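Summary of structural features
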Amino acid sequence: ADYSQDEKALLGACDCSQIVKPSGVHLKLVLRFQDFGKAMFKPMRQRREEETPEDFFYFVDFQRHNAEIAAFHLDRILDFRRVPPTVGRLINVTKDILEVTKNEVLQSVFFVSPASNVCFFAKCPYMCKTEYAVCGNPHLLEGSLSAFLPSLNLAPRLSIPNPWIRSYSFDGKEEWEVNPLYCNTVREIYPYSNSNRLLNIVDMAIFDFLIGNMDRHHYEMFTKFGDDGFLLHLDNARGFGRHSHDEISILAPLSQCCIIKRTTLLRLRLLAEPEYRLSDVMRESLLQDPLAPVLTEPHLLALDRRLQLILDAVGKCIDTFGEATVVANDTAQPQSAQHRAKAGT
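As annotated in an unreviewed UniProt entry, the protein is FA20A Pseudokinase from Sylvia atricapilla. According to its UniProt record, the protein has this under Sequence similarities (unreviewed entry): "Belongs to the FAM20 family."

Comments concerning the nonpolar core
Within the largest apolar cluster, 59 residues are counted, with the highest numbers of intra-cluster contacts made by W164 and M282. Those elements that provide at least two residues to this core are α2 (65-77), α6 (182-186), α7 (197-211), β10 (218-222), α8 (252-257), α9 (262-271), α10 (278-286) and α11 (297-321). The leading source of residues in this core is α7, at 10 residues. Residue assignment places this core across two domains, with domain 1 (2-147) and domain 2 (157-328) each supplying three or more. With residues up to four places along the chain from it excluded, the contact list for M282 reads A70, H73, L74, I77, L295, L300 and L303. L106, V109, F121 and V134 belong to the second-largest nonpolar core, a separate cluster that totals 20 residues.

Quick word on the pattern of salt bridges
Per the counting criterion, the structure on display carries 16 salt bridges. The shortest N-O distance in the salt bridge between E220 and R157 comes to 2.7 Å. Of this pair, E220 sits in strand β10 while R157 sits in strand β9 (residues 157-161), placing them 63 residues apart in sequence. The class of E220 is buried, set by a relative accessible area of 11%. The shortest N-O distance in the salt bridge between K261 and D203 comes to 3.1 Å. Taken together, the residues K261 in strand β11 (residues 260-261) and D203 in helix α7 connect sequence positions 58 residues apart. Accessibility classification places K261 together with D203 in one group, the buried group.

Regarding α9
Among the residues of α9, those classed as buried are T264, L265, L268 and L271. Projected down its long axis, α9 shows its buried positions confined to an angular sector of 130°, all on one face.

Some details on the sheet that holds strand β8 (residues 140-147)
Think of a sheet as strands paired side by side through backbone hydrogen bonds, with each pair either parallel or antiparallel. The sheet built from five strands is open, its strands ordered β1-β2-β3-β8-β4 with antiparallel pairing. The open sheet has two edge strands with one neighbour each: β1 (2-3) and β4 (86-92). As defined by bridge partners, β4 adjoins β8 across seven bridges and the pair is classed as antiparallel. Bridge pairing in β8 links T86 to S146. With respect to the sheet, α2 is in contact with β3 (38-43), β4 and β8, its orientation differing from that of β8 by roughly 40°.

Brief notes about the packing of aromatic side chains
Tallied over the entire structure, the rule returns three aromatic pairs. Relative to Y182, the ring of W164 lies with its centre 5.4 Å away and its plane at 85°, an arrangement referred to as edge-to-face. Remark: Y182 occurs in helix α6 and W164 occurs in the loop between β9 and α5 (175-178); sequence separation between them is 18 residues. Take W164 and Y182: they sit in the same class, and that class is buried.

Considerations on the state of the cysteines
Counted by the stated rule, this structure contains three disulfides. Two residues share a disulfide in this structure: C258 and C317, whose sulfurs sit 2.0 Å from each other. The S-S bond linking C258 to C317 shows a torsion near -75°; that makes this disulfide left-handed. Taken together, the residues span a long stretch of sequence, with C258 in the loop between α8 and β11 and C317 in helix α11 at a distance of 59 residues. Comparing C258 with C317 shows no difference in burial state: the two are buried.

Considering the UniProt feature "binding site: ATP" (unreviewed entry) in the protein
UniProt's entry tags K42, S146, A147, F148, L149, E220 and D235 with the feature "binding site: ATP" (unreviewed entry), counted in the numbering of this structure. With respect to the element layout, K42 can be found in strand β3. A polar atom in the side chain of K42 sits 2.6 Å from the side chain of E68. On the basis of relative accessible area, A147 is assigned to the partly exposed category, the value being 33%.

Examining α10
Buried within α10 we find L278, S279, M282, S285 and L286. All buried residues of α10 project into a common sector of 130° when viewed along the axis, lining one side. Against the buried residues of α10 lie α2, α7, α9 and α11.

Cut-offs applied
Residues numbered from 1 in each chain as written. Predicted model: local features only at pLDDT ≥ 70, side-chain atom pairs only at ≥ 80, totals over all residues. Heavy atoms only, no water. UniProt positions renumbered as here; feature names shortened; annotations may be inferred. Core = buried A, V, L, I, M, F, W, Y, C linked by side-chain atoms within 4.5 Å. Buried < 20%, exposed > 50% of the residue type's maximum accessible area, 1.4 Å probe, protein only. Helix = DSSP H or I, 4+ residues; strand = E, 2+ residues; numbered from the N terminus. Domains from an automatic or database assignment. Contact = heavy atoms within 4.5 Å. Salt bridge = Lys/Arg side-chain N within 4 Å of Asp/Glu carboxyl O. Arc of directions from axis to C-beta. Pairing = 2+ DSSP bridges. Axes fitted to C-alpha atoms, helices over the stretch in contact; angles between N-to-C directions. Phe/Tyr/Trp six-rings, centres within 6.5 Å; stacked < 30°, edge-to-face > 60°. Disulfide = S-S within 2.5 Å. Polar contact = N/O pair within 3.5 Å; in protein donor to acceptor, adjacent residues only side chain to side chain.

This is how it looks when you write it as C-alpha cells:
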C-alpha cells in the first residue's frame, strides 16, 4: 500500500505533472497485489443515502467510492467502455494497509479513534486533517478498487483540458457558460475541427450528465491512436451526489454543438424502452458487485429521468437542424476498412 502519484507530487516526492492534476482534497491509495497488479483505492467518505448539500460547490464536494463503481457499470451499459474496471471491496485497513506499507508517512497518519476504530488521513494542503480521516469498523472499510492503466512507458497518454471546463472560483464564468454559440469557436480549433474528437466530447458529456459529474476539467487519451482515439472516462467519484437535481449545464457540448453519434443515440433510445429501462439494467448489473446495493433507488430512478432529458435535447436539435446534420453516422466502415475486407475475401 502506498500513496497515489498525486499525493506524492504534493509531498514533493515525484514529478507526476504529466498525468495528474493534484487537488489536495482527497484521500486515495495505491494497492499493489501479489501478482504485481495495481489498483487505486478510494475509501468510503459518505453513506449511500447522503446527498451532496445544495450549498456545496462541485470543486469542494466529497469523493464517493460507490460513484466510481456505478460509473464503471453505466459506462459499460452505454457501450462506451472507457472507464477502467472498478469493483467494491471491504478492506482491512490494519492488515491490508498499515501492516504492509513501507511508506513511513503513510504509517504515521494512522490512529485509533475514541470509538476504538482504526483511522487514517492523508498529508495534503487542504482537507487532510484528523477530522477528515476515514475509519474502519473497527478495521473493515468499504472502498472502490479501480484497475490501473498500463504504465506510461507501455501506453503513453496525454491529459488535455476539457473545452467545456468549468470555472474553479466562486464567481467566475467560462466563455461557454455565457456564450450559446461557443461551439462555433471550438469547431475551428484543432483537433476538434477535423476528427471525431468533438463527438467523443459529447459522449463524455452525456455520461457525466447521467451521473451528475460537474468536475470533468481534463480528459486523457492514449497517444497511440492519434486524434481519433477514445477519451478515458477517469475519476468519476464526484458523480451520483444529488439524485434530486439534474445539472443541465453538463449537457452543454450536446446542446451547443447539436451533434451525436448514431451508435450513442441508438443505445440511448434502447435504454429508454420499457423492457430495457436504464434503471433496471443498472440495478441488475450493480447486484454483481460485492458491496451491493451500490446506489440507492432514487439515484437509479434519476437515470431514467436524465436519459429522457438527453433524448429531448437531441430531439430539439433534430427539429432545428435536421437529423442528417445532427446524427453522425459512425456505423459505416471507413474506405480503408472496406478495402481490406474485400481484399480478405
